[in-house]
Amino acid sequence: MNTYNEDTKYIIPAGTILDYSRGTRYWEDSFYFKSSDIEQETTEEIVIPKGITIIAEGCFAGCVKLQKVRMPDSIRLIDEGAFANCRNLSINWSTTLEEIGPCAFENTSLDNYDLPESLKSISFKALNKNLDLIKVPSSLIKCSTTAFGTYSKTTEVLLRNPSYKLIDNCLINLTNNTLLFINPRSQSVTLPKEVRYWHDIKFNGVKLTVPLDLIDEHFWNGLKYRCSPIYSRPLTVYSEYSEKAQRLYDDNCSKSDLFSKKIKYERIDNYDKYKIT
């Protein structure tokens, strides 16, 4: 039984498109939903129809009386500030949710902190209330150092799940061998042997030493992606010299004009040095 007054419930019309990559996109049988379409001061319940994949930036921010959100199993992204400052919110997590954007639930208390197993990425300050109740799934491949407010709090929340481990200032998801982040105060880090992947890590000028057995195709693919303008640079990577590492460098980077201009290679004693500029 619906305990809410029908005058305070807003049902988003079917066909609504919330498009992230281009902003507003109009289809023949749809329109763009924005928070100004609802009464922020009175709306208590929102029903999102199945088929919508993105809850757009700031979509329901400031709906101070919003108490309940019915989310379909089609949502993949809850974007920046989507439910910021909604105070207290009853929410059912979409089983297809992959990403929670920056400040998505800032200053908002929830009745359900069991994040879905489909979740892959959590951005900075995504949730900052009732941190002792948050249960993080073992599926993350990206996580901001301040996903839950601060580095220390974020680390504390993640380590409650045994799939995550802090090794030599590196927070690693052991389920998928992914480096989520390093201690932002670290100046020098040697990647643990458990690490095979990382996604958009901000190393912030740290001296990164990579063990020889990690110098493989995955490693070079990671370096090449970091040459993209959207990734933080510069980054200096050290590894012990080996013919295998040299061969992989030649095959993956030095023969490519795009990457050879951005990855500077030099030998220092018995170490290879790769500097991404």
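Given the structure is predicted, the values throughout are model-derived calculations rather than measurements.

Colleague: Can you explain the overall build of the chain? Please cite residues and give values.
Modeller: Per the secondary structure count, the chain includes four helices and 19 strands. Across the 277 residues in the chain, those meeting the buried criterion constitute 47%. Long-range contacts, defined as pairs at least 24 residues apart, comprise 34% of the intrachain contacts of the chain with a sequence gap of at least 6. Working note: accessible area of the chain is about 14,100 Å², and carbon and sulfur atoms make up 47% of it.

Colleague: I'd like to hear about the sheet that holds strand β15 (residues 197-198), residue by residue, with values.
Modeller: Ordered by their spatial adjacency, four strands build an open sheet running β11-β12-β13-β15, and the pairing between neighbours is mixed. A single partner strand is all that each edge strand has here, and the edge strands are β11 (164-167) and β15. Bridge analysis of strand β13 (residues 178-182) against β15 gives two bridges, and the strand direction is parallel. Within β15, the position partnered with T178 by the bridge is Y197.

Colleague: Pulling in residues and values, what's your account of the environment of D132?
Modeller: Topologically, D132 is positioned in the loop between β9 (121-122) and β10 (142-143). Separated by 21 residues in sequence, D132 and K153 place their C-alpha atoms 9.5 Å apart.

Colleague: Lay out helix α1 (residues 151-159) with the relevant residues and their values.
Modeller: Taken together, the buried positions of α1 are occupied by Y151, T154, T155, V157 and L158. Looking straight down α1, one finds that the buried residues subtend no more than 165° of arc, so they occupy a single side. Those residues of α1 that are buried are in contact with β10, β11, β12 (170-173) and β13.

Colleague: Help me get a handle on the pairing of β11, residues and values and all.
Modeller: In this sheet, β12 lies alongside β11 in antiparallel orientation, the contact comprising four bridges. In the sheet register, Y164 faces β12, and the bridge partner there is N173.

Colleague: Describe the nonpolar core, with residues and values.
Modeller: Counting residues in hydrophobic clusters, the biggest one holds 43 residues, and the most contacted among them are I55, I78, F83 and F105. In terms of residue count, the dominant contributor to this core is α1 (three residues). If we skip the residues at most four places from it in the chain, F105 touches I78, F83, L89, I91, W93, I100, L110, A126, L127 and N128.

Colleague: Tell me about the side chain of N161, residues and numbers included.
Modeller: Here N161 lies in the loop between α1 and β11. In this structure the side chain of N161 is engaged in a polar contact, spanning 3.2 Å, whose partner is the side chain of S138. In this structure N161 touches V136, P137 and S138, once residues within four positions along its chain are discounted.

Colleague: Outline the sheet that holds β9, supporting the account with residue identities and numerical values.
Modeller: The strand order across the open sheet formed by five strands is β3-β5-β7-β9-β10, and the pairing between neighbours is parallel. Bordering the open sheet on either side are β3 (54-55) and β10, each of which pairs with just one other strand.

Colleague: With reference to specific residues and values, describe the pairing of β12.
Modeller: Remark: a regular strand shows side chains that alternate across the two faces of the sheet. Side chains of β12 alternate between two faces, with C170 and I172 and L171 and N173 buried alike. Linkage of β11 to β12, two consecutive antiparallel strands, is achieved through a turn of two residues, within which D168 is found at a positive phi near 50°. Between β12 and β13, which pair antiparallel in sequence order, lie four residues; one of them, N177, sits at a positive phi of approximately 55°.

Colleague: How would you explain unusual backbone geometry if you had to name every residue and give the values?
Modeller: For N130, which is not glycine, the phi dihedral falls at a positive 50°. A positive phi angle, near 50°, is found at D168, a position not held by glycine. Looking at where D168 falls in the secondary structure, it is placed in the loop between β11 and β12.

Colleague: With reference to specific residues and values, describe the pattern of salt bridges.
Modeller: One side chain can pair with another of opposite charge once the charged atoms of both are near each other. In total, this model carries three salt bridges according to the counting rule given. In this structure, R70 and E45 form a salt bridge, with 2.7 Å as the shortest nitrogen-oxygen distance. Taken together, the positions of R70 in strand β4 (residues 68-70) and E45 in strand β2 (residues 45-47) put the pair 25 residues apart, joining distant regions of the chain. Residues R76 and E98 are paired through a salt bridge, measuring 3.4 Å at the closest nitrogen-oxygen approach. Separated by 22 residues along the polypeptide, R76 in the loop between β4 and β5 (77-78) and E98 in the loop between β6 (87-91) and β7 (99-100) bring together distant segments of the chain.

What counts, and at which threshold
- Residues numbered from 1 in each chain as written.
- Predicted model: local features only at pLDDT ≥ 70, side-chain atom pairs only at ≥ 80, totals over all residues.
- Heavy atoms only, no water.
- Helix = DSSP H or I, 4+ residues; strand = E, 2+ residues; numbered from the N terminus.
- Buried < 20%, exposed > 50% of the residue type's maximum accessible area, 1.4 Å probe, protein only.
- Contact = heavy atoms within 4.5 Å.
- Areas by Shrake-Rupley, 256 points an atom, 1.4 Å probe, with all protein chains shown as cover.
- Pairing = 2+ DSSP bridges.
- Arc of directions from axis to C-beta.
- Core = buried A, V, L, I, M, F, W, Y, C linked by side-chain atoms within 4.5 Å.
- Polar contact = N/O pair within 3.5 Å; in protein donor to acceptor, adjacent residues only side chain to side chain.
- Salt bridge = Lys/Arg side-chain N within 4 Å of Asp/Glu carboxyl O.

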